[in-house]
Amino acid sequence: MSDHSEAPVVPVEAYEPPYYAAVFTAVRTPDQSGFSETNARMEDLVKDIPGFLGMDHAQTPGGLGITVAYFRDAEALTQWRGNAEHRAAQQRGRAEWYQSYTLHVAKVERSHGFVLASAPQSPAAG
């Protein structure tokens, strides 16, 4: 959802299934007044939902944005969906910020990850 260029770029870890993924894919309008502030607020709010596992973001040069939010169970996802501030942000998004979007919710049945081991450090030259 937001650009945290100072944060390391890593995907959300693979959790033990089952859990849920909400995939939000959008094309935004040219006028993004207030979007960044609202987006930052939504990121802060969702972190307070018990069962929220994390979020991945990607943006294409052509303007297609993809956010995947992961939730431990359907109850956590339902709590986020029903949050009053989130619902207000959704309404504003439809009115001002999104040209189009889709939302897909899926139950994750398989998950795994990979991290490249660090290259061995060479001893400092003496």
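In what follows, the structure referred to is the one given above.
### Re the layout of surface pockets
- A volume near 240 Å³ is recorded for the second largest pocket.
- If you trace the second largest pocket, you find 15 residues lining it, with P11, V12, E13, A14 and G113 closest to the centre.
- Residue composition of the lining of the second largest pocket, grouped by class: 9 nonpolar, 3 polar and 3 charged.

### Description of the pairing of strand β1 (residues 19–28)
- Note that β1 and strand β4 (residues 98–108) share 10 bridges and pair antiparallel. Considered in β4, the bridge of T25 is made with T102.

### Some thoughts on the environment of F24
- Position of F24 relative to the elements: it lies in strand β1.
- Distance from F24 to V68, taken between C-alpha atoms, is 6.2 Å for residues 44 residues apart in sequence.
- In this view, F24 contacts G65, I66, T67, Y98, Y101, T102 and L103; residues no more than four positions away in its chain are not counted.

### So, the pairing of strand β2 (residues 52–59)
- With 7 bridges joining them, β2 and strand β3 (residues 64–71) adopt antiparallel strand pairing. If you follow F52 over to β3, its bridge partner there is F71.
- Counting the residues in the hairpin turn of β2 and β3 gives 4 residues, including G63, whose phi is positive at 105°.

### Structural notes on the sheet that holds β3
- Taken in spatial order, the 4 strands of this open sheet run β2-β3-β1-β4, and their pairing is antiparallel. Looking at the sheet topology across the chains shown, the edges are occupied by β2 and β4. Each neighbouring strand pair of the sheet contributes to a mean axis angle of 15°, computed without reference to strand direction.

What counts and what doesn't
- Here, residues in each chain are numbered from 1, in the same order as that chain's written sequence.
- In view of the model being predicted, local features appear only for residues whose pLDDT reaches at least 70, and side-chain atom pairs are presented and counted only at 80 or more, with totals across whole chains, interfaces and linings using the full set of residues.
- The side-chain figures draw on all heavy atoms in the structure; neither hydrogens nor water molecules are used.
- A cavity here means a set of points on a 1 Å grid, drawn over the protein atoms and nothing else, where a 1.4 Å probe fits but cannot get out; a pocket is an open set with protein on both sides within 12 Å along at least five of seven lines, and a residue lines either one if it has an atom within 4 Å of a point.
- Grid points are joined across faces, edges and corners, and a volume is the space filled by probe spheres set on the points.
- When residue character is reported, Ala, Val, Leu, Ile, Met, Phe, Trp, Tyr, Cys and Pro are called nonpolar, Asp, Glu, Lys and Arg charged, and the others, Gly included, polar.
- Between any two strands, pairing holds if DSSP finds at least two bridges.
- Per the convention used, a helix needs a DSSP run of H or I reaching at least four residues, while a strand needs a run of E reaching at least two, with both numbered from the N terminus.
- Residue contacts are defined here by distance: any two heavy atoms, one from each residue, within 4.5 Å place the two residues in contact.
- Here an axis means a line fitted to C-alpha atoms, over the contact stretch when the element is a helix, while the angle between two N-to-C directions is reported on a 0 to 180 degree scale.

Take it as geometry only, folks, not as evidence of what the structure does.
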